[in-house]
Amino acid sequence: MSTLTQAQTPPGTTVPARLLSVPLVATFGAEFTSLTSFFLLVSVIPMLAAAAGASSSGAGLITGSLLLGTVAAEAAASAAISRFGYRMVVAAGAVLLGAPALAMLAAEPPAVMVGVSLVRGFGFGLCGVATGALTAKLLPPGRRGEGLGLLGLVAGIPAIVALPAGIWLAGHHLAVAAATMAAIAGLLPLAAIRWLPGGREARHADRAGPTRGARRSGRMAGAAWRLPLIFAAATVAAGVLDSFLPLAKGIPSNLSSAALLVQAIVATLTRWQAGKHGDRYGHTGLLIPALTVAALGMAAMMVLGWPAAIFAGMVLFGAGFGVIENATFASLIEQLPEAKASALWNFAYDAGYGAGPAVFGLICVRTGYPAGFALTGALILAAVPLAWRERTAVTR
């Protein structure tokens, strides 16, 4: 028997740790449905506001309120997980995300849209931090980048399907149907609660010696602000594109839907591949090339009258954005406790995603959309020095 066992498993052979488990699949399900609810209405509500006579700044304010609620939740989510556990936080987030969408069935004035977006954003923030932290906690350390890339596939499908679907439904006078689907999807994470770990986030002790611990502490402190800022520079552009590409003059709704679909598909695939590559060669080395490619994609958007340039820009931006997503999250997880890392990463995502449209709505009134997109690309390049410092710190 022992001889047979040795023949099947030669000495020195490393058996890969199992990636998927029932709790992880349930976590992926909660992530999928909450993001579906989010993306169904993220572009629909600004479109309805614009149709009701709101200005570009008013449409940006609605998206900004959505992300304001989100970042407020993310600031409190880590403490909430420590106090109440993952199940309670996910349940609260699902109710706050799904139920307010039903208000869109009764009324659509701008004030209602702002209020609905604020509450939904808070629920989305709670779900996002909890599911991100749970994913990192449930993954084997040696395959964490790959697992986070798989999470990117799960998270990318709602962006691929729900975002353009919401735009299409609103463009065909079916906004009520979009709101109904968003409400149902937002409440669906409640069905996965029983399979989620219910424990509270434990504090991680540093077992390194005094000198090594001090160096690690300094590196963690630097990563805790560098990596979120790098990611936020990219999410500013993502928020601008999702909110304002459907509003750009001369671009039919079908074209904008197709362009955003291409961007979402490319981002999802590159995020997945970036996780596998990062596990083998390191995640921070991917940041500078990814920032450069994403900035080039935004620069291509200056030629809005040429569909080929729009699609080329979406491919480039999607490729860079997907890599930045995975590389920043995986790097944070390597250096911080799961709940804190997830909170910082989600905070950067949504703060940038909300601030981008709010500021862009004010700027494009003076510059126009093409120049505004180019300025957004310049902001992405401004994060390159931070990526260089992070890579240097990791190498040391």
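Scroll up to find the structure.
All of these numbers come straight from a predicted model, not from anything done at the bench.

Participant: Looking at this structure, I do not really get the overall build of the protein chain. What am I missing?
Facilitator: Helix and strand counts for the protein chain come out as 15 helices and 0 strands. Within the protein chain, buried positions represent 52% of all 396 residues. For the protein chain, restricting intrachain contacts to residue pairs at least 6 apart in sequence, the fraction spanning at least 24 positions comes to 87%. Total accessible area on the protein chain is roughly 16700 Å²; 68% of this is exposed by carbon and sulfur atoms.

Participant: Would you explain the nonpolar core in this entry?
Facilitator: Grouped burial of nonpolar side chains is what soluble globular proteins tend to show. If you look at the biggest cluster of nonpolar residues, it comprises 95 residues, and the most contacted ones within it are Phe-39, Leu-304, Phe-317 and Phe-373. Not counting residues up to four positions away in its chain, the partners in contact with Leu-304 are Leu-245, Ala-248, Ile-251, Ile-310, Tyr-369, Pro-370 and Phe-373. Ala-73, Ile-81, Ala-130 and Ala-343 belong to the second largest nonpolar core, which has 18 residues in total.

Participant: How should the pattern of salt bridges be read in this particular structure?
Facilitator: Between side chains of opposite charge, a pair can form when the charged atoms approach closely. For the coordinates displayed, the defined rule picks out 3 salt bridges. The partner of Arg-226 in a salt bridge is Glu-390, with the nearest N and O atoms 2.8 Å apart. Of the two residues, Arg-226 is situated in helix α9 (residues 210-244) and Glu-390 in helix α15 (residues 384-395); the sequence distance between them amounts to 164 residues. Like Arg-226, the residue Glu-390 is buried in the burial classification. Between Arg-271 and Glu-325 there is a salt bridge, with the nearest N and O atoms lying 3.6 Å from each other. In this pair, Arg-271 is assigned in helix α10 (residues 253-281) and Glu-325 in helix α12 (residues 307-335), connecting sequence segments 54 residues apart. Comparing Arg-271 with Glu-325, the two get one shared label, buried.

Participant: How should the packing of helix α7 (residues 144-171) against α12 be read in this particular structure?
Facilitator: The angle between the axes and the distance between the axes are what describe a pair of packed helices. Relative to each other, α7 and α12 sit at 135°, their axes nearing to 10 Å. In terms of their interaxial angle, α7 and α12 are classed as oblique. For the element pair α7 and α12, the recorded crossing hand is right-handed. Every residue of α12 that contacts α7 at Arg-144, Gly-145, Leu-148, Gly-149 and Leu-151 is listed here: Asn-326, Phe-329, Ala-330 and Ile-333. A class-by-class count of the residues in the contact of α7 with α12 yields 5 nonpolar, 3 polar and 1 charged.

Participant: Would you mind going over the environment of Ala-259 with me for this structure?
Facilitator: In this fold, Ala-259 is placed in helix α10. Classification of Ala-259 as buried rests on a relative accessible area of 0%. Along the backbone, Ala-259 and Ile-310 are 51 residues apart, and their C-alpha atoms lie at a distance of 7.0 Å. For Ala-259, the residues in contact, after removing those within four places along its chain, are Leu-245, Ile-310, Phe-311 and Met-314.

Participant: What's the story with a nonpolar patch on the surface in this structure? I'm lost.
Facilitator: Residues Val-359, Leu-362, Ile-363 and Leu-375 make up a contiguous nonpolar surface patch of about 360 Å² in total accessible area. Top element by residues in the nonpolar patch is helix α13 (residues 338-367). It accounts for 3 residues. Among the secondary structure elements, Ile-363 is positioned in helix α13. Judged by its relative accessible area of 34%, Ile-363 is partly exposed.

Participant: Teacher, can you tell me more about the packing of helix α2 (residues 22-42) against α7 here?
Facilitator: One can describe the packing of α2 onto α7 by two numbers: an axis separation of 8 Å at closest approach and a directional angle of 30°. Here α2 lies roughly parallel to α7, going by the angle between them. Pair α2 / α7 crosses with right-handed handedness. Counted together, Phe-28, Glu-31, Phe-32, Leu-35, Thr-36, Phe-39, Leu-40 and Val-42 of α2 and Gly-147, Leu-150, Leu-151, Val-154, Ala-155, Ile-157, Pro-158, Ala-159, Ala-162, Leu-163 and Gly-166 of α7 form the full contact between these two elements.

Participant: Honestly, the packing of aromatic side chains in this entry has me stumped. Any pointers?
Facilitator: Two numbers describe a pair of aromatic rings. These are the distance of the centres and the angle of the planes. Scanning the entire structure with this criterion turns up 16 aromatic pairs. Residues Phe-244 and Tyr-369 carry aromatic rings whose centres are separated by 6.0 Å and whose planes lie at 85° to one another, so their mutual orientation is edge-to-face. Note that Phe-244 is positioned in helix α9 and Tyr-369 in helix α14 (residues 369-381), a separation of 125 residues in sequence. Assigned by exposure class, Phe-244 and Tyr-369 land together as buried. Residues Tyr-349 and Tyr-353 carry aromatic rings whose centres are separated by 6.1 Å and whose planes lie at 40° to one another, so their mutual orientation is tilted.

Thresholds, definitions, all that
- Residues numbered from 1 in each chain as written.
- Predicted model: local features only at pLDDT ≥ 70, side-chain atom pairs only at ≥ 80, totals over all residues.
- Heavy atoms only, no water.
- Helix = DSSP H or I, 4+ residues; strand = E, 2+ residues; numbered from the N terminus.
- Buried < 20%, exposed > 50% of the residue type's maximum accessible area, 1.4 Å probe, protein only.
- Contact = heavy atoms within 4.5 Å.
- Areas by Shrake-Rupley, 256 points an atom, 1.4 Å probe, with all protein chains shown as cover.
- Core = buried A, V, L, I, M, F, W, Y, C linked by side-chain atoms within 4.5 Å.
- Salt bridge = Lys/Arg side-chain N within 4 Å of Asp/Glu carboxyl O.
- Axes fitted to C-alpha atoms, helices over the stretch in contact; angles between N-to-C directions.
- Parallel < 35°, antiparallel > 145°, perpendicular 65-115°, else oblique.
- Left-handed = near helix turned anticlockwise from the far one by under 90°.
- Nonpolar A, V, L, I, M, F, W, Y, C, P; charged D, E, K, R; others polar.
- Patch = residues over 30% accessible without salt bridge, like charges linked within 9 Å, V, L, I, M, F, W, Y side chains within 5 Å.
- Phe/Tyr/Trp six-rings, centres within 6.5 Å; stacked < 30°, edge-to-face > 60°.

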